[in-house]
Amino acid sequence: MREVDVMGVRVEMPSNQPIVLLREVTGERYLPIWIGAVEATAIAFAQQGVTPPRPLTHDLLKDVLGATGNELVEVRITDVRDGVFYATLVLGSGVEVSARPSDSIALALRTGTRIVCSEEVLDEAGLAVPAEQEDEVEKFREFLDHVTPEDFDGPQE
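Residues numbered from 1 in each chain as written. Predicted model: local features only at pLDDT ≥ 70, side-chain atom pairs only at ≥ 80, totals over all residues. Heavy atoms only, no water.

- By the naming in an unreviewed UniProt entry, the chain is Bifunctional DNase/RNase, taken from Nocardioides salarius.

So, in structure tokens, the structure goes:
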């Protein structure tokens, strides 16, 4: 398993599909994972330190873990099959719970929990970005600095 950092979320064009971008802590691979708009908002809120007036689902889960004396000790991105990513929440009690990576990442950001990714997932779905392409990554980071959760709102009904 390799530790990864959450670089941020963005909307992929022209599909208008949100992605979360992870990066190996000690390496040059990035891992884009397509996610839903709600999860993109939850991740963006956590990264920006936004506290909603009422707890969102991921805030609620954090509170439930705390109230029951359990802690989230690690989030593992374990597999990718047919373009679908899989994750596991590892609790302090030793219990492991299957979860979507987007929900797992949103919870990890709220709890300060380490996120790791299997070497196999990084080999299959990761993108190596050599140092000479780092300026492109910097442009992406600048984009992330200016994106807001409202950018992920879907069409109004």
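Quick notes on helix α1 (residues 37–48)
- For α1, built from twelve residues, the straight-helix expectation of 16 Å at 1.5 Å per residue is met to within 8% by its first-to-last C-alpha distance of 16 Å.
- Turning to α1, its buried residues number three or more, namely E39, A40, T41, A42, I43, A44 and F45.
- Where α1 is buried, its residues meet β1 (2–12), β2 (17–24), α2 (57–67) and α3 (101–111).
- Just past α1, the residue G49 takes up positive phi, approximately 70°. (Helix = DSSP H or I, 4+ residues; strand = E, 2+ residues; numbered from the N terminus. Expected span 1.5 Å × (residues − 1). Buried < 20%, exposed > 50% of the residue type's maximum accessible area, 1.4 Å probe, protein only. Contact = heavy atoms within 4.5 Å.)

Description of the sheet that holds strand β8 (residues 127–128)
- The eight strands are arranged β6-β5-β4-β7-β1-β2-β3-β8 in an open sheet whose pairing can be described as mixed. In this open sheet, the two edge strands, each paired with only one partner strand, are β6 (96–99) and β8.
- As judged from the three bridges shared by β1 and strand β7 (residues 115–117), these two strands associate in the antiparallel manner. By the bridge assignment for β7, V4 is matched with I115.
- Contacts between α1 and the sheet are confined to β1 and β2, with β1 contributing the most and set at about 120° to the helix. (Pairing = 2+ DSSP bridges. Axes fitted to C-alpha atoms, helices over the stretch in contact; angles between N-to-C directions.)

Quick look at the packing of α2 against α3
- Remark: α2 packs on α3, axes separated minimally by 9 Å, with the N-to-C direction vectors making an angle of 60°. If you check the angle between α2 and α3, you find them oblique. You can see that α2 and α3 cross each other, and the crossing is right-handed. Side by side, α2 and α3 meet where H58, D59, L61, K62 and L65 of the first sit next to D103, A106, L107, R110 and T111 of the second.
- Split into classes, the residues belonging to the contact of α2 with α3 amount to four nonpolar, two polar and four charged. (Parallel < 35°, antiparallel > 145°, perpendicular 65-115°, else oblique. Left-handed = near helix turned anticlockwise from the far one by under 90°. Nonpolar A, V, L, I, M, F, W, Y, C, P; charged D, E, K, R; others polar.)

What to know about the side chain of S118
- Its location among the elements puts S118 in the loop between β7 and α4 (119–125).
- At a separation of 3.1 Å, a polar atom in the side chain of S118 contacts the main-chain amide nitrogen of V121.
- Setting aside residues up to four positions removed in sequence, S118 forms contacts with M1, I77 and T78. (Polar contact = N/O pair within 3.5 Å; in protein donor to acceptor, adjacent residues only side chain to side chain.)

Some thoughts on the pairing of strand β3 (residues 29–34)
- Within β3, five of the six residues are buried, leaving the element largely enclosed by the surrounding structure.
- Inspection of the sheet shows β2 paired to β3 by five bridges, in the antiparallel sense. Paired with L22 across the bridge in β3 is L31.
- In this structure, the hairpin formed by β2 and β3 is closed by a connection of four residues.
- With two bridges connecting them, β3 and β8 associate as antiparallel partners. Bridging from a neighbouring strand, R29 pairs with A128 of β8.

Digging into the confidence of the model for the chain
- Summary statistics for the chain give a mean pLDDT of 87 and a share of 83% for residues scoring 70 or more.
- Taking the mean pLDDT of every element in the chain, the minimum, 66, falls on helix α5 (residues 134–146) and the maximum, 98, on β7. (pLDDT = per-residue confidence, 0-100.)

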